[in-house]
Amino acid sequence: MLDIQKINKTFNPGTINANHALKDLSLHLADGESVAVIGGNGAGKSTLLNAVAGVWSVDSGSIHLGGVDMTHLPEYKRAKYIGRVFQDPMMGTAGNMQIEENLALAARRGDPRGLRLGISKAERERFREMLRILDLGLENRLTDKAGLLSGGQRQALTLLMATLRKPQLLLLDEHTAALDPKTAAKVMEVTRTLVNQDRLTTLMITHNMRDAIEYGDRLLMMYNGHIVVDVSGEEKKNLTVPQLLNLFSQASGSDEVDDKLVLS
Amino acid sequence: MSFLASLLKMLPDAAAQGLIWGILAMGVFITYKLLDFSDLTVDGSICTGGAVAALLILNGVPVALAMVAAFCAGALAGLVTAILHTRMGIPPILSGILTQLALYSINLRIMGKSMLAVSVDKFQLLVSVRNQSASCLVALVFVAAIIGVLYWFFGTELGCAVRATGANANMSRAQGINTDTMKLVGLILSNGLVGLSGALYTQYLGSVTVNMGRGAIVIGLAAVIIGEVLLGKLFRNFALRLAGVVIGAILYYVVIALVIQLGLNTDDLKLFSAAFVALALYVPHWRMKYTGKSLQKGGKNHA
């Protein structure tokens, strides 16, 4: 499914601020596999997701998705295959457009946009039905501006938008980090529902160790631009938070446990 | 003549000018409000529209066709600004300024001199200052038709994608929208309308001068902001918002008529306009600061 071969990315190359954020990173995801990614600040987690999404192009290496070479495709063309949810709830929806308009934009992901009506009557009904399943009370607010929604509601809406058209890959960039614990749990629940419904291949960054252990088939830990831990199957199911911390200090070659990782 | 009577006498002229500039203001609305792109091309493209229309009319081309050409000329100017910004990475304001400056020479080239006169006695012009109430009616028909077309267009898939680009470019790209193309579409449409407005204004005045567009963007912005500040609460629907912009343009010209009537030296008109628009732009900021309304609920975000 997703095949990343030896990608490198350096920000501000040739300056004093040069930052080699991804170092010869390779990763293979099987079809339908859901993967949680953890790591301290600056480990390269978001950089990895942005590389796959095509926010900028990598310096070297290749990225294939479903057999298609994505390495040089611009972001908007990769969107045909990739659904995304961002950390900032403001980022995934257009605040001054209606909920149904946001959904209609997402329903046309990957299609050329012409002079047909931007949203049809049948679609409205479909959206209402889908929102009802999410159980957030949004099904009767289709014409409300997305900007009126709470952070959690906006993230749930973004999730729905990202999966409305079944993507080959779903990228979740700490999408619950900006929410309060209760809302975060609700959004994780919505995430599970939507991902399981279509058996979506998913790459999810999280700061929450418990989420990382409970969610998905496989767990990756990043450190300093590398993937340093990669566990799946039984081994992953039996992981505990202390074991995970232990793995982290081994991998990073120090006893000093990254406190940012623990605290979150 | 009493003050009020002479003011009333100026009203038809103010209404006609306001309606014609309302078309420009709708163009500015597209870039400034929908695309979040401050486009200064306008100062040049309104004159380009006027110059092209005047030249064609003087050469015996039917007025309707000359208007179409004026739209296309304005659209072309918008295309240049869009290319400067999206392909060459020049910031929006600078892209517009560069096009505007280049257009000054191009407008002179089109006209061959700094002024072209088209007399309503010799040509079948659509509007003229000599018949202000009829001009109002014609301009009103244009405004209504344009509002209709824009209402339809911004409800289509393409139009929605243009709006989404202005609302949240990150999200738009994540939903597969080519944001560069959408900026191009918006700038072309906007400046096409500005060119059309220039063609009408040229007929109304009976002439076009190379300085016609100086400060046009300020008048357009004034109309957009007056419309938004005074009628924003009432007019939520997209077609009504456009109507609000046109009403804003009319009010602007009524205010100008008023201050001239009050004895403002016409030399000071641009200073007055700039101060007026600065004040109008300050109103939303002032409201935010002193009524404690949260910034986030406004729905505008610069992520």
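Residues numbered from 1 in each chain as written. Chains lettered and ligands numbered in written order. Predicted model: local features only at pLDDT ≥ 70, side-chain atom pairs only at ≥ 80, totals over all residues. Heavy atoms only, no water.

**Digging into the overall build of chain A**
Keep this limit in mind: The helix count covers DSSP runs of H or I at least four residues long, the strand count covers runs of E at least two residues long, and both are numbered beginning at the N terminus. Here the globule rule is a power law, 2.2 Å times the number of residues to the power 0.38, and the radius of gyration is based on C-alpha atoms. When accessible area is computed with a 1.4 Å probe and restricted to protein chains, residues below 20% of their type maximum are described as buried, those above 50% as exposed, and intermediate ones as partly exposed. Two residues form a contact once any of their heavy atoms are found within 4.5 Å.
Each helix and strand in chain A was counted, giving 10 helices and 10 strands. Rg of the C-alpha trace for chain A: 19 Å, near the compact-globule value of 18 Å for 264 residues, within the 12% margin. With respect to the three principal axes, the spread of C-alpha positions in chain A is 60 × 40 × 35 Å. Counting only residues that meet the buried cut, chain A has 51% of its 264 residues in that class. In chain A, of all internal contacts separated by at least 6 residues, the share reaching a separation of at least 24 is 66%.

**Description of the interface of chain A and chain B**
Under the convention used in this document: Two parts placed together each lose some accessible area; with a 1.4 Å probe, that loss summed over both constitutes the buried area. Salt bridge criterion: a side-chain nitrogen from Lys or Arg within 4 Å of a carboxyl oxygen from Asp or Glu. Pairs of N or O atoms are called polar contacts if they sit within 3.5 Å, as long as, within protein, a hydrogen donor faces a hydrogen acceptor (for residues adjacent in sequence, only side-chain-to-side-chain pairs).
Of the residues lining the interface, 31 residues belong to chain A; the matching set on chain B comes to 24 residues. For the pair chain A and chain B, the summed buried surface comes to about 2,600 Å²; carbon and sulfur atoms form 58% of the total. Considering only the surface of chain A that becomes buried against chain B, A:Tyr76, A:Arg113 and A:Leu115 emerge as the three largest contributors, covering 24% of it. At the boundary of chain A and chain B, one finds four salt bridges. Applying the counting rule to chain A against chain B returns 13 residue pairs in polar contact (both at pLDDT 80 or more). Looking at the side of chain A that touches chain B, the elements that each hand over two or more residues are helix H2 (75-78), strand S6 (82-85), helix H3 (99-107) and helix H5 (151-164) of chain A.

**Some remarks on the side chain of B:Thr202**
Structurally, the position occupied by B:Thr202 is in helix H8 (residues 179-205). Excluding its chain neighbours within four sequence positions, the residues that come into contact with B:Thr202 are B:Gly50, B:Ala54, B:Val118, B:Ser207, B:Val208 and B:Met212.

**Here we look at unusual backbone geometry**
Notably, A:Arg199 is not glycine yet its phi reads approximately 50 degrees, a positive angle. Mapped onto the elements of the fold, A:Arg199 is located in the loop between helix H6 (181-198) and strand S8 (202-205). A residue is classified by how much of its surface remains accessible, and A:Arg199, at 56% relative accessible area, is exposed. Positive phi, close to 55 degrees, is recorded for B:Asp36, a residue that is not glycine. When you line up the elements, B:Asp36 lands in the loop between helix H1 (3-34) and helix H2 (42-58). Overall, B:Asp36 belongs to the partly exposed group, its relative accessible area being 35%.

**Examining H6(A)**
All names here are of chain A. What counts, and what does not: A helix is expected to span 1.5 Å for every residue after the first.
A rise of 1.5 Å per residue sets the reference length of H6, with its 18 residues, at 26 Å; its end C-alpha atoms lie 26 Å apart and thus fit the reference within 8%. Against helix H4 (121-134), H5, strand S7 (169-173), S8 and helix H7 (209-214) lie the buried residues of H6. Arginine 199 sits one or two positions beyond H6 and adopts a positive phi of about 50 degrees.

**Brief notes about the sheet that holds strand S1 (residues 2-11) of chain A**
Residues and elements named next belong to chain A. This is how it is decided: Two strands form a pair only when DSSP identifies at least two bridges running between them.
Strand order across the open sheet formed by four strands is S2-S1-S4-S5, with antiparallel pairing between neighbours. Of all the strands in the sheet, the pair left with one neighbour each is strand S2 (19-29) and strand S5 (68-69). The pairing of S1 with S2 spans seven bridges and is classified as antiparallel. Bridge pairing links threonine 10 to histidine 20 in S2.

**As for a positive patch on the surface**
Condition: Each patch is built from residues lacking any salt bridge and having more than 30% relative accessible area; the joining distance is 9 Å for like charges and 5 Å for nonpolar side chains (Val, Leu, Ile, Met, Phe, Trp, Tyr). Note on areas: Shrake-Rupley with a 1.4 Å probe; residue coverage comes only from the protein chains shown. In this tally, Asp and Glu contribute negative charge and Lys and Arg positive charge; neither His nor the terminal groups of the chain are included. In plain terms, the charge of a residue is placed at NZ if it is Lys, CZ if Arg, CG if Asp and CD if Glu.
A contiguous patch of positive charge on the surface is contributed by A:Lys145, B:Lys233, B:Arg236 and B:Arg287. Relative to the helices and strands, B:Arg287 resides in helix H11 (residues 269-290). Take B:Arg287: its relative accessible area is 36%, and that puts it in the partly exposed class.

**Comments concerning the sheet that holds S6(A)**
Across a sheet, strands are paired by hydrogen bonds formed along the backbone, either parallel or antiparallel in direction. Residue and element names in this part refer to chain A. Quick note on the threshold: For helices, the fitted axis covers only the stretch in contact; all axes are lines through C-alpha atoms, and the angles between them, taken along N-to-C directions, range from 0 to 180 degrees.
Spatial strand order, S6-S7-S8-S3-S9-S10: six strands in an open sheet with mixed pairing. Edge strands, defined here as strands with exactly one partner in the open sheet, are S6 and strand S10 (226-232). Taken over all neighbouring pairs, the strand axes of this sheet differ in orientation by 20 degrees on average, direction set aside. Relative to S10, strand S9 (residues 218-223) runs antiparallel, the two sharing six bridges. The residue of S10 that forms the bridge with leucine 220 is aspartate 230.

**Remarks on the pattern of salt bridges**
If you walk through the whole model with that rule in mind, you get 17 salt bridges over all chains. When the shortest N-O distance is used, the salt bridge between A:Arg141 and A:Asp144 registers 2.8 Å. The class of A:Arg141 is partly exposed, set by a relative accessible area of 25%. Among the charged side chains, a network of salt bridges with common partners joins A:Arg108, A:Arg116, A:Glu123 and B:Glu157.

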